[in-house]
Amino acid sequence: QVQLVESGGGLVQPGGSLRLSCAASGIIFSRYTMGWYRQAPGKQRELVATITSGGSTRYAGSVKGRFTISRDNGKNTVYLQMNSLKSEDTADYYCNADWWTTEYWGQGTQVTVSS
């Protein structure tokens, strides 16, 4: 079966950093565009960043310059390096795998930015 398992979330102070990881299994990982989404309390889920099979990246304007998405096809893992964190980054972060008509989601990992 397909699984996407996120890790690395937690509580950090404003200005701090976290690195999220998403380990995928049950898919041909290299085919998929991988993405990170987030959902804050009372808000819609929004796209944070994506990385294609060819390595092209896209970012939401609110995180561009602070976050970096990367992937390691040998480890079937996608990462989100988050720097200069702000309170508004507080959310549940979800890993997504997308290939044409096929899409999978992870369970999520919580990120809280607070002093």
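Conventions used here
- Residues numbered from 1 in each chain as written.
- Predicted model: local features only at pLDDT ≥ 70, side-chain atom pairs only at ≥ 80, totals over all residues.
- Heavy atoms only, no water.
- Disulfide = S-S within 2.5 Å.
- Helix = DSSP H or I, 4+ residues; strand = E, 2+ residues; numbered from the N terminus.
- Buried < 20%, exposed > 50% of the residue type's maximum accessible area, 1.4 Å probe, protein only.
- Phe/Tyr/Trp six-rings, centres within 6.5 Å; stacked < 30°, edge-to-face > 60°.
- Lys NZ or Arg CZ within 6 Å of the ring centre and 35° of its normal.
- Pairing = 2+ DSSP bridges.
- Axes fitted to C-alpha atoms, helices over the stretch in contact; angles between N-to-C directions.
- Contact = heavy atoms within 4.5 Å.
- Polar contact = N/O pair within 3.5 Å; in protein donor to acceptor, adjacent residues only side chain to side chain.

1. Some thoughts on the state of the cysteines
Turning to step 1, where the next piece is worked out: Within this structure, the stated rule accounts for one disulfide.
Turning to step 2, where the next piece is worked out: Across the disulfide from Cys22 sits Cys95; the S-S distance is 2.0 Å. Sign of the S-S torsion, about -80° for the bond between Cys22 and Cys95, identifies this disulfide as left-handed. Note that Cys22 is positioned in strand β3 (residues 18-25) and Cys95 in strand β9 (residues 91-99), a separation of 73 residues in sequence. By the burial criterion, Cys22 is buried, and Cys95 matches it.

2. What to know about the packing of aromatic side chains
Turning to step 1, where the next piece is worked out: For the structure on display, the rule yields three aromatic pairs.
Turning to step 2, where the next piece is worked out: Each ring, one from Tyr32 and one from Trp99, has its centre 6.0 Å from the other, and the planes form 45°; the classification is tilted. Of this pair, Tyr32 sits in the loop between β3 and β4 (33-39) while Trp99 sits in strand β9, and the two are 67 residues apart along the sequence.
Turning to step 3, where the next piece is worked out: Taken together, Tyr32, Trp99 and Tyr104 form an aromatic cluster joined through their ring pairs.
Turning to step 4, where the next piece is worked out: The ring of Tyr94 has Arg45 sitting right over it, with the charged end atom 3.8 Å from the ring centre.

3. As for the sheet that holds β3
Turning to step 1, where the next piece is worked out: The strand order β1-β3-β8-β7 describes an open sheet built from four strands, whose pairing is antiparallel. Two strands close off the open sheet at either side, each with one partner strand: β1 (3-7) and β7 (67-72). With direction set aside, neighbouring strand axes in the sheet form an average angle of 15°.

4. Description of the environment of Asp72
Turning to step 1, where the next piece is worked out: Checked against the element boundaries, Asp72 lands in strand β7.
Turning to step 2, where the next piece is worked out: Asp72 sits in the partly exposed class, given a relative accessible area of 27%.
Turning to step 3, where the next piece is worked out: Each C-alpha atom of the pair Asp72 and Ser30 lies 9.0 Å from the other, and the pair is 42 residues apart in sequence.
Turning to step 4, where the next piece is worked out: The contacts of Asp72, once residues within four sequence positions are left out, are Phe29, Thr77 and Tyr79.
Turning to step 5, where the next piece is worked out: Polar side-chain contacts of Asp72 include one of 3.0 Å to the backbone nitrogen of Gly74.

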